[in-house]
Amino acid sequence: MKHFKTGVLLVNLGTPDSPETPDVRKYLREFLMDGRVIDYPFIPRWMLVNLIIAPFRSPKSAKVYKELWTEQGSPLKIYGEKNERQLQEALGNEYVVKLAMRYQSPSIESKLDELKKEGVSRITVIPFFPQYASATTGSVYEEVNRVINTWQTIPEIRMVNNFYAHPLFIKGFVDNGRKYLEKEKFDHVIFSYHGVPARQIKKGDHTGNYCKLGSCCNQISKVNQFCYRAQCFETTRLLVKELGLEEGTYTTCFQSRLGREEWIQPYTEQTIKDLAGKGIKKVLAFSPAFVADCLETTIEVGDEYKELFEENGGLHWQLVESLNDSESWINLLKDLVENGQLIASK
């Protein structure tokens, strides 16, 4: 029997084409006009993004991107391109691996077209988001479906929903964290995840009354299995178990809040102030919502939160790097392609 190739589409969020203000503005407009990111009706969303956020935020964001940028370009894209090559080598010639970005280039549409031209018989889509959120994984699903719905012949499509509890995902961050824990004693460990508006989490509660944005996230069940906040807390529990951390020595919190409305809590910035106010001097910080170091990890957690911690009396703030191009990460991707995903931990 003839064996045809399997396509693998890796998808990360995206990055501006350059750190210059026009490119950053273009990126922000595409990103924030996504109705799953800012879930307002089109007209108020258009006005908010194009008349307020993009014009005023772009110059500030461009300065931050310039701090992050390397001679090779954006770290997020550099790691993604390396992952594409690493996974292709790990899987072999029966697979065709392509990297796309949800926003900007290379686009999901262009890479799906390349896979179609390769004549693949099936496609596995792996969004680079460990925990499911409508604004990330959900948006990738929507865009993939938009593109393939225009095809006359559609191959089998399999989309990975999450990998927040996958043993290799946990192992990757544990290995990175242990390097610091073995060298130095920290007073506290922070697990900082990207935040989302509380409204979006509640919209995902199909029962209409289960989500309280509190203790309901203490375990994964069939009711909250797709809840981003619950998945983040589960990732923390698994990391804590493997790292052997004692109760009271760690905190799960959420960063990158935008605007004045309520986002999921506790907020990372307030957590940092509270810890410093209690006399905590040394903090180890994980960012387990990101598989590649980027603006939100290197700059926000690594630099800005370090400065905030020190301003409030802290002495030592250490960021744990993301999975980037590690062996655990490539082995995880290979396992997701070959064996599927783990929906939740046992």
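Scroll up to find the structure this text is about.
Since we're looking at a predicted model, the values are computed, not measured.

1. Quick notes on the environment of lysine 212
Tracing the backbone through its elements, the reader meets lysine 212 in the loop between helix 7 (198-203) and helix 8 (228-243). Taking the relative accessible area as the measure of exposure, lysine 212 reaches 60% and is therefore exposed. Put simply, lysine 212 and alanine 198 are 14 residues apart on the chain and 9.9 Å apart in space, counted from C-alpha to C-alpha.

2. A word on the nonpolar core
In terms of nonpolar packing, the biggest core is built from 58 residues, with Val8, Leu10, Phe191, Tyr228 and Trp329 touching the most fellow members. A total of eight residues in this core trace back to one element, the largest contributor, which is helix 8. If you look at the next biggest cluster of nonpolar residues, it comprises 38 residues, including Tyr27, Tyr103, Ile108 and Phe129.

3. Here we look at the sheet that holds strand 4 (residues 156-159)
By way of backbone hydrogen bonds, the strands of a sheet pair with one another, either parallel or antiparallel. Strands sit in the order 2-1-3-4 across an open sheet of four strands; the sheet is parallel. Both edges of this open sheet fall to strand 2 (95-103) and strand 4, since each of them pairs with a single strand only. Sheet twist, expressed as the average angle between the axes of neighbouring strands with direction ignored, equals 20 degrees. Both strand 1 (residues 6-14) and strand 2 contribute to a ladder of eight bridges, which runs parallel. Paired with leucine 10 across the two strands is leucine 99, which belongs to strand 2. Here helix 4 (residues 108-117) sits on the sheet and contacts strand 1, strand 2 and strand 3 (122-127); the angle it forms with strand 2, its principal contact strand, is near 165 degrees.

4. Focus on a negative patch on the surface
On the surface, Glu67, Glu269, Asp303, Glu304, Glu307 and Glu311 cluster together into a negatively charged patch. Per element, the largest residue contribution to the negative patch is four residues, and it comes from helix 10 (residues 295-311). Looking at where glutamate 307 falls in the secondary structure, it is placed in helix 10.

5. Notes on unusual backbone geometry
Cis geometry marks the peptide bond from serine 105 to proline 106; its omega dihedral reads -5 degrees. Mapping proline 106 onto the fold places it in the loop between strand 2 and helix 4. Residue proline 266 is bonded to the preceding glutamine 265 through a cis peptide linkage, with omega at 5 degrees. Position of proline 266 among the secondary structure elements: in the loop between strand 6 (250-255) and helix 9 (268-277). Unusually for a residue other than glycine, glutamine 104 sits at a positive phi of about 70 degrees. Here glutamine 104 is to be found in the loop between strand 2 and helix 4. The backbone of asparagine 324 sits at a positive phi, close to 50 degrees, despite the residue not being glycine. Residue asparagine 324 is classed as buried on the basis of its relative accessible area of 6%.

6. Let's talk about the pairing of strand 8 (residues 316-319)
Burial along strand 8 is one-sided: Trp317 and Leu319 are buried, while His316 and Gln318, pointing the other way, are not. The sheet contact formed by strand 7 (residues 282-286) and strand 8 spans four bridges and is parallel. Across the sheet, the residue bridging to leucine 284 is glutamine 318, located in strand 8. Read from strand 7 through helix 10 to strand 8, the crossover connection turns out right-handed.

7. Side note on helix 11 (residues 327-339)
Relative to the 18 Å expected for 13 residues at 1.5 Å per residue, helix 11 spans 18 Å between its end C-alpha atoms, a close match to the ideal helical length. Those residues of helix 11 that fall on the buried side of the exposure criterion are Ser328, Trp329, Ile330, Leu332, Leu333, Leu336 and Val337. Phi turns positive one or two residues past the end of helix 11, at glycine 340, with a value near 90 degrees.

8. A word on the sheet that holds strand 5 (residues 188-194)
On the basis of which strands lie adjacent, the open sheet formed by four strands has the order 6-5-7-8 and parallel pairing. Two strands bound the open sheet, and with one partner strand each, they are strand 6 and strand 8. The mean angle between the axes of side-by-side strands here comes to 25 degrees, regardless of whether they run parallel or antiparallel. Taken together, the four bridges between strand 5 and strand 7 define a ladder with parallel strand orientation. Each residue of the ladder has a partner; that of phenylalanine 191, found in strand 7, is phenylalanine 286. Against the sheet, helix 8 engages strand 5, strand 6 and strand 7, with an angle of about 150 degrees to strand 5. Contacts from helix 10 reach strand 5, strand 6, strand 7 and strand 8, with the element oriented near 170 degrees to strand 8.

Reading the values: rules and limits
Residues numbered from 1 in each chain as written. Predicted model: local features only at pLDDT ≥ 70, side-chain atom pairs only at ≥ 80, totals over all residues. Heavy atoms only, no water. Helix = DSSP H or I, 4+ residues; strand = E, 2+ residues; numbered from the N terminus. Buried < 20%, exposed > 50% of the residue type's maximum accessible area, 1.4 Å probe, protein only. Core = buried A, V, L, I, M, F, W, Y, C linked by side-chain atoms within 4.5 Å. Pairing = 2+ DSSP bridges. Axes fitted to C-alpha atoms, helices over the stretch in contact; angles between N-to-C directions. Contact = heavy atoms within 4.5 Å. Patch = residues over 30% accessible without salt bridge, like charges linked within 9 Å, V, L, I, M, F, W, Y side chains within 5 Å. Areas by Shrake-Rupley, 256 points an atom, 1.4 Å probe, with all protein chains shown as cover. Salt bridge = Lys/Arg side-chain N within 4 Å of Asp/Glu carboxyl O. Lys, Arg positive; Asp, Glu negative; His and termini not counted. Charge placed at Lys NZ, Arg CZ, Asp CG, Glu CD. Right-handed = clockwise from strand over helix to strand, strands pointing away. Expected span 1.5 Å × (residues − 1).

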